[in-house]
Amino acid sequence: MQSEQIPLEIPRRRDRMRKESWIRTVLDESGFGALATAVGDRPRLNINLFVFDQTRDAIYLHTARRGETRSRIEPGVPAAFAVAHMGRILTAEAAIDFSVEYASVVVTGTARIIQDDEEASRALRLLMRKYAPQLEPGVDYRDVEAADLARTTVYRLDIESWSGKENRAPEEAEAFDYPGARSRGHRAGRGARR
């Protein structure tokens, strides 16, 4: 069940801090994110598609049935998850004063493997609804079955705290799109607005 309010972590730049409703929207709209864990002295990062479940205040993602991510998370571990959007490069008189438009969210909590088939199936359906909302299960593709669950591992990150930051400039600001965004096929654009 959704909490009454997840604690906000206060960033150094308080003027860029955003409230919970903004954070929820950015998590809903982000295409992929990075899950960070550490076991012993070995930090690891897994970049993956995900879905934010507002009813549980949790993030779901999945990977192969076997592998490093599963072995790191199996016992349930503290984890962090981040998403970010880049906007325009903001120019200045001196190189050190250049900046960038961005929107970012970082959450912390506990990551665990979902053992319950019903919850795992629901999470996979949420992922499909997020990434292919125009397609209908049972019509455009086969719905989740037991054999599918035997081939994947579904994780849930229960959110315990989060922070959101945004830097955006007025349209008329001296700015330009990041050239690498075009050359790699990414859309250049502004950070999420709320």
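Scroll up a little and you will see the structure.
Quick look at the overall build of the protein chain now. Within the protein chain one finds five helices and eight strands. Taking the principal axes of its C-alpha atoms as reference, the protein chain extends roughly 60 × 40 × 35 Å. The proportion of buried residues among the 194 residues of the protein chain is 40%. Sequence separation of at least 24 residues holds for 74% of the intrachain contacts in the protein chain that already meet a minimum separation of 6. Just so you have it, the protein chain exposes about 11,500 Å², and 51% of that area is on carbon and sulfur atoms. Within the protein chain, the 30 negative side-chain charges are centred at a point lying 3 Å from the centre of the 31 positive side-chain charges.

What follows concerns helix α3 (residues 117-131). For α3, built from 15 residues, the straight-helix expectation of 21 Å at 1.5 Å per residue is met to within 8% by its first-to-last C-alpha distance of 21 Å. Every buried residue of α3 is listed here: Glu119, Ala120, Ser121, Ala123, Leu124, Leu126 and Leu127. Of the surrounding elements, those touching the buried residues of α3 are β3 (51-53), β4 (58-64), α4 (146-149) and β7 (152-167).

This part covers the environment of Arg168. Topologically, Arg168 is positioned in the loop between β7 and β8 (175-176). We classify Arg168 as partly exposed; its relative accessible area is 37%. Residues Arg168 and Gly87, 81 residues apart in the sequence, show an inter-C-alpha distance of 7.9 Å.

Examined against the element boundaries, Asp148 turns out to sit in helix α4. Asp148 sits in the buried class, given a relative accessible area of 17%. Asp148 has contacts with Arg142 and Asp143, leaving out every residue within four places of it along the chain.

Conventions and cut-offs
- Residues numbered from 1 in each chain as written.
- Predicted model: local features only at pLDDT ≥ 70, side-chain atom pairs only at ≥ 80, totals over all residues.
- Heavy atoms only, no water.
- Helix = DSSP H or I, 4+ residues; strand = E, 2+ residues; numbered from the N terminus.
- Buried < 20%, exposed > 50% of the residue type's maximum accessible area, 1.4 Å probe, protein only.
- Contact = heavy atoms within 4.5 Å.
- Areas by Shrake-Rupley, 256 points an atom, 1.4 Å probe, with all protein chains shown as cover.
- Lys, Arg positive; Asp, Glu negative; His and termini not counted.
- Charge placed at Lys NZ, Arg CZ, Asp CG, Glu CD.
- Expected span 1.5 Å × (residues − 1).

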